[in-house]
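Next come the chains, spelled out residue by residue.
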Amino acid sequence: MISVDDAAGHLYSLTHTDSAQLLLSIMPVAMIVIDTRGRIQAFSKAAEDLFGYCEADLLGRNVNILMSQPHRARHDSYIARYLETGEKRIMGGPRLENARHADGHTFPIELTVGETHDEGAHLFLGFVRALSKPEFEQRQIGVMLAELAHTSRVSAMGALATAIAHELNQPLTSIANYAEGLRNLIIRREDFVGRDECLETIDKCIAQAMRSGQLIHRLREFVKGGEPHRESLQASHLINEALSLALINGYKKVIHVDTRIEEGLPPLKVDALQAQQVLFNLIRNSFEAMGEGQEGRHDLLITASRAQGGFVEIGIEDSGPGIDPEIIEVVFNS
């Protein structure tokens, strides 16, 4: 039994029986069912009318026969990537595409893709609606305007990142230089009390000043569309570095931190600075959510474990009050 909702919100139940064929023949929208290899398993009567094919001619054939280029040649790789990574680039919807009719001409459609399981088989469902030329052009204009607005925002962010980098690079360089000078003065004073501890702190100060400069530079490159500086790192190293930074200023005196990192995790291919900054922000947010004045024990749990598709999942859980129920439904809205 397959229960699905079409793009209009109608609920249908499909089985491999005559009733399923009846349902496919009366569905008001074109529906196509494919398996994980892209082979067509069902083709509704509305889809026959829309594409000019009979279901019997298409069963078992690759669904890319209904597509125009470049998706026609790439569709199998789209499915493979989704099954491997779980990344939903086409799932959900709706989206505008160009379809290919049996007679060879292309026409605009609105496509909504979902997925389901039938007796253990993983299936994908496509709901297709033909668009008139004026409707397609109007929708295309909306897409183009949205892309233009996004490009304008990215351009503004790039200009802001460049200005920030220009203004901050000089003071950060000065901080590193002054700290290096202070380090040299202390080295010459062998009678300086707490000499080793001071040198260790100054070295950290220099390292963080240099790190801040690199982070600003990477941010500017990221906004400009440059390639990230990926390198292979162990999850334990990334977590420990971010945690060490976050524990500065005495947080470790009031927070009980527990790290649980699964053994044998594959190395992470990440931009170390950006990934470390994300973890640092999440950890400090947890510290602030718990608060030093909050009653009771303050616990922070950081985990790293295997996830589907060869990924590593890093989780951060704290004993704070959580998200306000009044905003939890909209917290991730842009």
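In short, a report on the structure. Along each chain, the written sequence defines residue order, and numbers are assigned to residues from 1. With pLDDT at 70 or above as the cut-off, local features in this predicted model cover only qualifying residues; side-chain atom pairs require 80 or more to be listed or tallied, and sums for whole chains, interfaces and linings still use all residues. To obtain the side-chain values, all non-hydrogen atoms of the structure were used and water was disregarded.

1. Overview of a nonpolar patch on the surface
1) Next: There is a patch of nonpolar side chains on the surface, built from L160, I164 and L168 and spanning about 260 Å² of accessible area.
2) Next: A run of DSSP states H or I qualifies as a helix once it reaches four residues; a run of E qualifies as a strand once it reaches two. Both are numbered from the N-terminal end. Tracing the sequence through the fold places I164 in helix 5 (residues 133-188). Patches draw on residues past 30% relative accessible area with no salt bridge. Two like charges within 9 Å are joined, as are two nonpolar side chains (Val, Leu, Ile, Met, Phe, Trp, Tyr) within 5 Å. Each accessible area is a Shrake-Rupley result for a 1.4 Å probe, and residues are judged covered by the shown protein chains and nothing else. We define a salt bridge as a contact between a side-chain nitrogen of Lys or Arg and a carboxyl oxygen of Asp or Glu at a distance within 4 Å.

2. A word on the side chain of N64
1) Next: Within the fold, N64 resides in the loop between helix 3 (55-58) and helix 4 (71-85).
2) Next: For each residue, the accessible area found with a 1.4 Å probe, counting protein chains only, is set against the maximum for its type, and the residue is called buried under 20%, exposed over 50%, and partly exposed in between. Accessibility expressed as a relative area gives 18% for N64, which makes it buried.
3) Next: In this description, contact between two residues means that some pair of their heavy atoms is separated by no more than 4.5 Å. Sequence-distant contacts of N64, that is, excluding residues within four places in its chain, are made with R72 and H75.

3. Some remarks on the sheet that holds strand 9 (residues 256-261)
1) Next: If DSSP finds at least two bridges between two strands, the strands pair. In spatial order, the strands read 9-11-12; together these three strands make up an open sheet with mixed pairing. A single partner strand is all that each edge strand has here, and the edge strands are strand 9 and strand 12 (312-318). Between one strand axis and the next, the sheet turns through 10° on average, direction left out of account.
2) Next: Across seven bridges, strand 11 (residues 299-306) lies against strand 12 in antiparallel orientation. Counted as the bridge partner of S305 is E313 from strand 12.
3) Next: Working convention: axes come from line fits to C-alpha atoms, limited for helices to the stretch in contact. Angles between N-to-C directions cover 0 to 180 degrees. Sheet strands touched by helix 7 (residues 235-246): strand 9, strand 11 and strand 12. Its angle to strand 9, the strand with the most contacts, is close to 165°.
4) Next: The sheet contacts of helix 8 (residues 272-290) involve strand 11 and strand 12, and relative to strand 12 the element is tilted by about 20°.

4. Observations concerning helix 7
1) Next: By this rule, a helix spans an expected 1.5 Å times one less than how many residues it contains. With twelve residues, helix 7 extends 16 Å from end C-alpha to end C-alpha; this agrees with the ideal 16 Å at 1.5 Å per step.
2) Next: Among the residues making up helix 7, those that are buried are A235, L238, I239, A242, L243, L245 and A246. Along the axis of helix 7, the buried residues cluster in a sector spanning 160°; they form a single face. Arc, as used here, means the arc of the directions from the helix axis to the C-beta atoms.

Don't take any of this as a statement about function, it's just geometry.
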